[in-house]
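# Structural characterization, general
Read off the chains here:
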Amino acid sequence: MLLLATAGVATAQLRRIPAEITPLVESDGVRAGTTVRAAIKVALPESFHVQSNKPRDPSLIPTELTVEAPAGIQVEELVFPVATDFKQEGLDEPLLVFDQEFTIGVRFTLPAALPPGEVVVPARLRYQACDDKMCYAPSTASFEWKLNAVAAGAAVKPQHADVLDTIAFGTGEKPTQAAPAASTPAAPAAGGADDGIAQLDKFTVVSSTGGYLGTDDFLTFIRNAESGVTEKGLLEGRGPLAILLIVLLGGLALNLTPCVLPMIPINLAIIGAGAQASSRKRGFLLGLTYGGAMAVVYGALGLIVVLTASTFGTINASPWFNLGIAVLFVALALAMFDVFEIDFSRFSGNIGAGAGRGTFLLAFTMGAVAALLAGACVAPVVIQVVLFSSNLYATGTTIALALPFFLGIGMAIPWPIAGAGLASLPKPGPWMVRVKQAFGVLILGTAVYYGYLAYSLFANRWVDEGAVASSVEEMLKEGWHASLASGLAQAEREGKPVLVDMWATWCKNCLTMDKTTLVDPSVKQALDGYVKIKFQAEQPDEPPAVDVMKRFKAVGLPAYVILKPGAASPAASN
């Protein structure tokens, strides 16, 4: 679960909410020298809104419409709809948003010398979508109006009056018009869409990492890259039997973590196993059912991560999800301190002849819930298993999909034994009360972890993109490159290693790294002989960022890659 929560932070951060855009023009033909009304209809998925063009909180990303009109065509105004208040959980002040469906009006003035024929007016809409719990990374949707220029005396047919007549043309704002498509492109923004990707073929990836790193961790990353130390995964380079054994032992180890071990006496009592079981056989079967559910659910979650890499992670990246788990663990800890009693087994006495079936169903349900809640302590094993499974599956090895299930089997092994064997233990005494209270302390620690994770996720939802851009500008003044192409060219000329820092204005940890680790004197000294590049991956799912991130296998931001001049050998690249 920590894997899913950790990976989920990146995946939710990078998630794009699609918008359906329909361009509209007031007539099926337009005449040279006239002003034309046009619009776009924007439709979002259900329950989503977008920030208005002027959000209350300056750290939020406004909706922007950029029109790349051909030479001679002027954009007279943009007419945004009236924004409405939208209450988002965790905020004292409502967001100022556009609804799930909204319309933006545009007025074009056509040149008098416009020849007949089709005129394409490209544009793009940048927006940040939000639901009632969080705001997502900004998206950019490209589209175009197609104007049918006709002769001055030609008849034209009005259209879309039902939409255009509702727009308050004449009250809009004067846009900042983008340069015409035929004009010379401006210099790329920091790390923007320059043609540096092809130059990467002349470099070898030495090492890569991502997320926030403290000074010591970042220095270790640099030193390992310089000394050729490769941090291999737990499963890399091992045979199938060794991998299977490691996975099974990893599953067993999960039962010894503070997220699972303290729950053993509680869950055995709830499902009627252990000391509560009427016989060893029944306790064994109940424990087997409980453990089997953990294996099925845990393996299935690993399978989801391998196949989708994002769907479940988005749920776990929700601060409300983690806050709910924290509250649940607080309640369980209070039960361990006897503040109140949790005992579902008493309900089985009212089930009569169906008691066995009901108890087994309860055992399976509790096992599934336990698999979901075993979160704060499973990362070292699960990350290795899932990443290894993903990489192995990507090579065409379908059996790799089974590895998460083997991990779940390892986790399930002790439960039938505990369900049968604990029936012979002494009845609870004063010594067990102290043990129970010690477990309560561990559970409270787990609650603190989830509470802190929820707090971190809440804090990471908002970032002042101006502050991020400003921090990058400071780095550029100190000699960092804004262009991937120019940075790589210098490194090739001078034979220097390269540090590529991938960032975005909506990435809070990017700002934190710029203000802490990357300005540390020891880090600056370690990077003194490097060519340092700030590559802006503002739209990670669009070129060129998607190509660079895929090449470096970066799944989130910030991401850091160290390169050295010289193409990698075929053996090294495999």
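Residues numbered from 1 in each chain as written. Predicted model: local features only at pLDDT ≥ 70, side-chain atom pairs only at ≥ 80, totals over all residues. Heavy atoms only, no water.

### Here we look at the state of the cysteines
- As enumerated under the stated definition, the model contains 1 disulfide in all.
- Across the disulfide, Cys-507 is cross-linked to Cys-510 (sulfur-sulfur distance 2.3 Å). Across the S-S bond linking Cys-507 and Cys-510, the dihedral sits near 90°, which makes this disulfide right-handed. Considered together, Cys-507 and Cys-510 belong to a single accessibility category, that of buried residues. (Disulfide = S-S within 2.5 Å. Buried < 20%, exposed > 50% of the residue type's maximum accessible area, 1.4 Å probe, protein only.)

### A look at the packing of aromatic side chains
- For the structure shown, the criterion picks out 6 aromatic pairs.
- Judged by centre distance (5.2 Å) and plane angle (75°), the rings of Phe-108 and Trp-145 are edge-to-face. One end of the pair, Phe-108, is in strand E9 (residues 101-109); the other, Trp-145, is in strand E12 (residues 139-150), and 37 residues separate them in sequence.
- Overall, the relative accessible area of 1% leaves Trp-145 in the buried class. (Phe/Tyr/Trp six-rings, centres within 6.5 Å; stacked < 30°, edge-to-face > 60°. Helix = DSSP H or I, 4+ residues; strand = E, 2+ residues; numbered from the N terminus.)

### A short note on the sheet that holds E12
- What the 4 strands build is an open sheet, ordered E2-E12-E10-E5; its pairing is mixed. Of all the strands in the sheet, just strand E2 (30-31) and strand E5 (64-67) have a single pairing partner and so form its edges. (Pairing = 2+ DSSP bridges.)

### Re the confidence of the model for the chain
- Of all residues in the chain, 68% attain a pLDDT of 70 or more, and the chain-wide mean is 76.
- In this model, residues 1-14 is a region of pLDDT below 50 whose contacts with residues beyond four sequence positions or in other chains number 54 contacts.
- Considering only residues more than four positions removed or in separate chains, one finds that residues 423-428, a stretch of pLDDT under 50, has 5 contacts. (pLDDT = per-residue confidence, 0-100. Contact = heavy atoms within 4.5 Å.)

### Here's the deal with helix H3 (residues 215-227)
- Taking 1.5 Å of rise per residue, 13 residues should cover 18 Å, and H3 covers 18 Å from first to last C-alpha, within 8% of that figure.
- Here H3 has its buried residues at Phe-218, Leu-219, Phe-221, Ile-222, Asn-224 and Ala-225.
- Where H3 is buried, its residues meet strand E13 (203-210), strand E14 (498-503), helix H16 (508-515), helix H17 (521-526) and strand E16 (559-565).
- One or two positions beyond H3, positive phi appears at Gly-228, with a value near 80°. (Expected span 1.5 Å × (residues − 1).)

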